[in-house]
Amino acid sequence: MPPKKLAKEEKVMLGRPSNNLKIGVVGLPNVGKSTFFNALTNASAAAENYPFCTIDPEESRVAVPDDRFDWLVKHTKPNKVIPAFLTVIDIAGLVKGAASGAGLGNAFLSHIKAVDAIFHVVRAFDEADVIHVEGELDPIRDMQIIREELRLKDIEFVTKQAAELAKDARRIGNGGNAQDKAKKEELVTVSKVLEWIQNGNDVRHGEWTNKEIEVINGLHLITAKPVIYLANLSERDYIRKKNKWLPKIKAWIDENSKGDMMIPYSGAYESRLTAASPEEKAEIEKENNAPSVMPKIIVQGYNALQLCYYFTAGPQEVRAWTIRKFTKAPQAAGVIHSDFERGFIMAEVMKYNDLKELGTESAVKAAGKYMQKGKDYVVEDGDIIFFKFNVTASAGPKKK
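Just so it is clear, the structure is predicted and the values come from calculations on it, not from any experiment.

Definitions and limits used
- Going along each chain's sequence as written, the residues are numbered from 1 onward.
- It should be noted that, the model being predicted, local features are given only for residues of pLDDT at least 70 and side-chain atom pairs only at 80 or more, the latter also being counted only at that level, while totals for whole chains, interfaces and linings use all residues.
- As a rule here, side-chain values come from all non-hydrogen atoms in the structure, and water together with hydrogens is ignored.
- Here a cavity means grid points, on a 1 Å grid over the protein atoms only, where a 1.4 Å probe fits yet cannot get out; a pocket means an open set of points with protein on both sides within 12 Å along at least five of seven lines; lining residues are those with an atom within 4 Å of a point.
- Grid points are joined across faces, edges and corners, and a volume is the space filled by probe spheres set on the points.
- Strands here mean DSSP runs of E at least two residues long; helices mean DSSP runs of H or I at least four residues long; both are numbered from the N terminus.
- Polarity classes work like this: nonpolar for Ala, Val, Leu, Ile, Met, Phe, Trp, Tyr, Cys and Pro, charged for Asp, Glu, Lys and Arg, and polar for all others, with Gly in that last group.
- Here, a salt bridge means any Lys or Arg side-chain nitrogen found within 4 Å of an Asp or Glu carboxyl oxygen.
- Note on exposure labels: buried denotes an accessible area under 20% of the residue type's maximum, exposed denotes more than 50%, and partly exposed covers the range between, all computed with a 1.4 Å probe on protein chains only.
- When DSSP finds two or more bridges between two strands, those strands count as paired.
- Paired rings are identified among Phe, Tyr and Trp, the last through its six-membered ring, by centres lying within 6.5 Å, and are further divided according to the angle between planes into stacked (under 30 degrees), edge-to-face (over 60) and tilted (the rest).
- Lysine NZ or arginine CZ positioned within 6 Å of the ring centre and within 35 degrees of the ring normal marks a charge as sitting over the ring.
- In this description, a line fitted to the C-alpha atoms serves as the axis of each element, helices being fitted only across the stretch in contact, and the angle between N-to-C directions of two axes falls anywhere from 0 to 180 degrees.
- For classification, angles of less than 35 degrees are called roughly parallel, those exceeding 145 degrees roughly antiparallel, those between 65 and 115 degrees roughly perpendicular, and all remaining angles oblique.
- Each crossing gets its hand from how the near helix is turned against the far one by less than a right angle, where anticlockwise is left-handed and clockwise is right-handed.
- Note on contacts: a residue pair is in contact if any heavy atoms of the two residues lie within 4.5 Å.
- Think of a polar contact as two N or O atoms within 3.5 Å of one another; within protein, one of them needs to be a possible hydrogen donor and the other a possible acceptor, and neighboring residues in sequence only count if both atoms come from side chains.
- Side-chain atoms within 4.5 Å are what join buried Ala, Val, Leu, Ile, Met, Phe, Trp, Tyr and Cys residues into a set we call a nonpolar core.

Peer 1: Could you clarify how one ought to interpret empty space enclosed by the protein in this entry?
Peer 2: In this approach, a probe sized like a water molecule rolls over the atoms, and the result shows the empty space that is left. In total, this model carries one cavity of 30 Å³ or more according to the counting rule given. Size it by volume and the largest cavity reaches roughly 90 Å³. The dominant element in the lining of the largest cavity, judged by the number of residues it contributes, is helix H4 (residues 139-172), at three residues. Grouping the constituent residues of the lining of the largest cavity by class yields five nonpolar, two polar and three charged.

In structure tokens:
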């Protein structure tokens, strides 16, 4: 008898296992965070076809731009359209010493802890009218300050967690039940994480096992969150695509935060674009050969949260349903309604490119490209899905 194939272990992702995630705008005071936030939310609001919601002055949902979604809307002509959204939080400026309470730092750091990813705004423009909190302009120093404050806050928190777990371990001694054993294993992981960040590293850049990631996710650490660096340039530098600080910022990221993305933009230029009419905006972009970078920032922010979406499309509604990457079909169906997951039978899947190329669902079926997928199918970004389910399926015991 051939040996049994070992099932491949699925990699657990850092972060909250949710499709309702938020990204925070972080940086020192006067680097352009609120200007960026306002330009971002106004850019989204200008898309009149999309529903838009400002939850309060510090939180907004912005529609994720997607040519595939726009084509489906045009092709299907539905009564209602609902795109995917990115929830963005504008967090007040951090200052040096925030981790020890300077400048209301503890409150601001708790706001950062509550988001799931970070837009780190770095000022790379010099303007006499806009005072820099640290005096002279130096983006490298600024990035180092923010990174250090976030790391120090994690060290403070993890140190307390390790002390509590060590106390439990001493009480348990060499004996204990399964729960006690789990506590001891948690202490090993927490101690490993503490050593990693004390050595000047961010948690997101560590190599962790699935078990370790499950412990880390329970800690909600700031340095475990994905970061996108946004280099705020003057309008002149953005248009001419040249800034003396950009190579230095990129080099710092490569050395200290390898793998994190940097996107240059100009808050001043984006503000001018959002204040203009659609016709004027198109003219300004064409004249300067400098399109808005806001769509790219929104899409990359959404990707940083490890989110993707599938589409449902029909005459009543075209909708993008947000899921975490690597979600299987029954759980993806559950985003629409819990009955869809409970009574899941199959997912009927079309690929967007097939529908666009062949024109109709019937043509996709005739070409043999209309697929029926079961409960182990991992939903891919941009799938167009029709779920079949049986509502009489047993609900099983209720979760407490």
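Read on, since the account is not over.
Peer 1: What exactly am I supposed to notice about the layout of surface pockets here?
Peer 2: In this structure, the largest pocket encloses a volume near 1,200 Å³. Surrounding the largest pocket, 48 residues form its lining, Met13, Leu14, Gly15, Gln306 and Arg324 being those nearest its centre. Of all the secondary structure elements, the ones that give two or more residues to the lining of the largest pocket are helix H6 (210-219), strand E7 (227-232), helix H11 (294-304) and strand E10 (317-324). The residue inventory of the lining of the largest pocket, partitioned by class, reads 22 nonpolar, 13 polar and 13 charged.

Peer 1: Quick question: what am I supposed to make of the pattern of salt bridges here?
Peer 2: A side chain with one charge may pair with a side chain of the opposite charge, provided their charged atoms come close. Counted by the stated rule, this structure contains 25 salt bridges. Two residues, lysine 365 and glutamate 361, come together in a salt bridge whose shortest N-O distance is 3.2 Å. Taken together, the residues lysine 365 and glutamate 361, both in helix H15 (residues 361-366) and four residues apart, mark about one turn of the helix. Several salt bridges share partner residues, and in doing so they unite Arg147, Asp202, Arg204 and Asp260 into one network.

Peer 1: What's the story with the pairing of strand E11 (residues 344-350) in this structure? I'm lost.
Peer 2: Sheet faces and side chains relate simply in a regular strand, where the side chains alternate between the two faces. Of all seven residues making up E11, six are buried, and the element is well covered by its neighbours. Bridge analysis of E11 against strand E13 (residues 384-389) gives six bridges, and the strand direction is antiparallel. Bridge pairing in E13 links methionine 346 to lysine 388. As paired strands, E11 and strand E12 (residues 371-373) are joined by three bridges and run antiparallel to one another. Within E12, the residue paired with valine 349 across the bridge is methionine 371.

Peer 1: Looking at this model, I keep getting lost on unusual backbone geometry. Mind explaining?
Peer 2: In most cases, non-glycine residues show a negative phi, while peptide bonds are predominantly trans. Residue lysine 241 is not a glycine yet carries a positive backbone phi of 55°. Within the secondary structure, lysine 241 is located in the loop between helix H7 (235-240) and helix H8 (246-256). Take lysine 241: its relative accessible area is 59%, and that puts it in the exposed class. One non-glycine residue with positive phi stands out, namely asparagine 289, at about 50°. Structurally, asparagine 289 is set in the loop between helix H10 (278-288) and H11.

Peer 1: Looking at this structure, I do not really get the packing of aromatic side chains. What am I missing?
Peer 2: The geometry of an aromatic ring pair is captured by two quantities: the separation of the ring centres and the angle between the planes. Overall, the coordinates contain 12 aromatic pairs when judged by the stated rule. One aromatic cluster is present, built from ring pairs that chain together Phe69, Tyr302, Tyr309 and Phe311. A cation over an aromatic ring shows up here: arginine 123 above the ring of phenylalanine 125, its NZ or CZ 4.6 Å from the ring centre. The residue whose ring lies beneath arginine 319 is tryptophan 321, and the NZ or CZ to ring-centre distance is 3.9 Å.

Peer 1: Just checking my understanding: could you explain the packing of H4 against H8 for this structure?
Peer 2: The packing of two helices is summarised by the inter-axis angle and the distance between the axes. In the contact formed by H4 and H8, the axes pass within 9 Å of each other and the chain directions differ by 30°. Comparing the axis directions of H4 and H8 gives the class roughly parallel. Helix-helix and strand crossings are classified by hand; for H4 and H8 the assignment is right-handed. Here Pro139, Ile140, Met143, Gln144 and Arg147 of H4 lie close against H8, whose contacting residues are Lys248, Ile249, Trp252 and Asn256. Looking at the contact of H4 with H8, its residues break down into five nonpolar, two polar and two charged.

Peer 1: Help me understand the side chain of threonine 312 in this model?
Peer 2: When you line up the elements, threonine 312 lands in strand E9 (residues 307-313). In terms of polar contacts, threonine 312 uses its side chain to reach the side chain of tryptophan 321, at 2.8 Å. Residues in contact with threonine 312, not counting those within four places in the same chain, are Glu317, Val318, Arg319, Trp321, Ile336 and Ile385.

Peer 1: Whenever I open this one, the side chain of arginine 147 confuses me. Can you help?
Peer 2: Structurally, arginine 147 is set in helix H4. On the basis of relative accessibility, which here comes to 9%, the residue arginine 147 falls in the buried class. For arginine 147, the residues in contact, after removing those within four places along its chain, are Gly200, Asn201, Asp202, Trp252 and Asn256.

Peer 1: Whenever I open this one, the nonpolar core confuses me. Can you help?
Peer 2: Side chains of nonpolar character tend, in soluble globular proteins, to be buried together. Grouped together as the largest cluster of nonpolar side chains are 74 residues, with contacts concentrated most on Phe36, Leu86, Phe119, Leu230, Ile249 and Ile297. Excluding residues within four positions of it along the chain, phenylalanine 119 makes contact with Ile23, Gly24, Val25, Val26, Phe36, Leu86, Ile228, Leu230, Ile297 and Gly301. Ala162, Val193, Trp208 and Val215 belong to the second-largest nonpolar core, a separate cluster that totals 18 residues.

Peer 1: Even after reading the chapter, I still don't get the packing of helix H9 (residues 267-275) against H10, so can you show me in this structure?
Peer 2: Where H9 contacts H10, the axes come no closer than 8 Å and their chain directions differ by 140°. In terms of axis orientation, H9 runs oblique to H10. For the pair formed by H9 and H10, the contact residues are Tyr269, Arg272 and Leu273 on the first element and Lys281, Ile284, Glu285 and Asn288 on the second. Counted by class, the contact of H9 with H10 contains three nonpolar, one polar and three charged residues.

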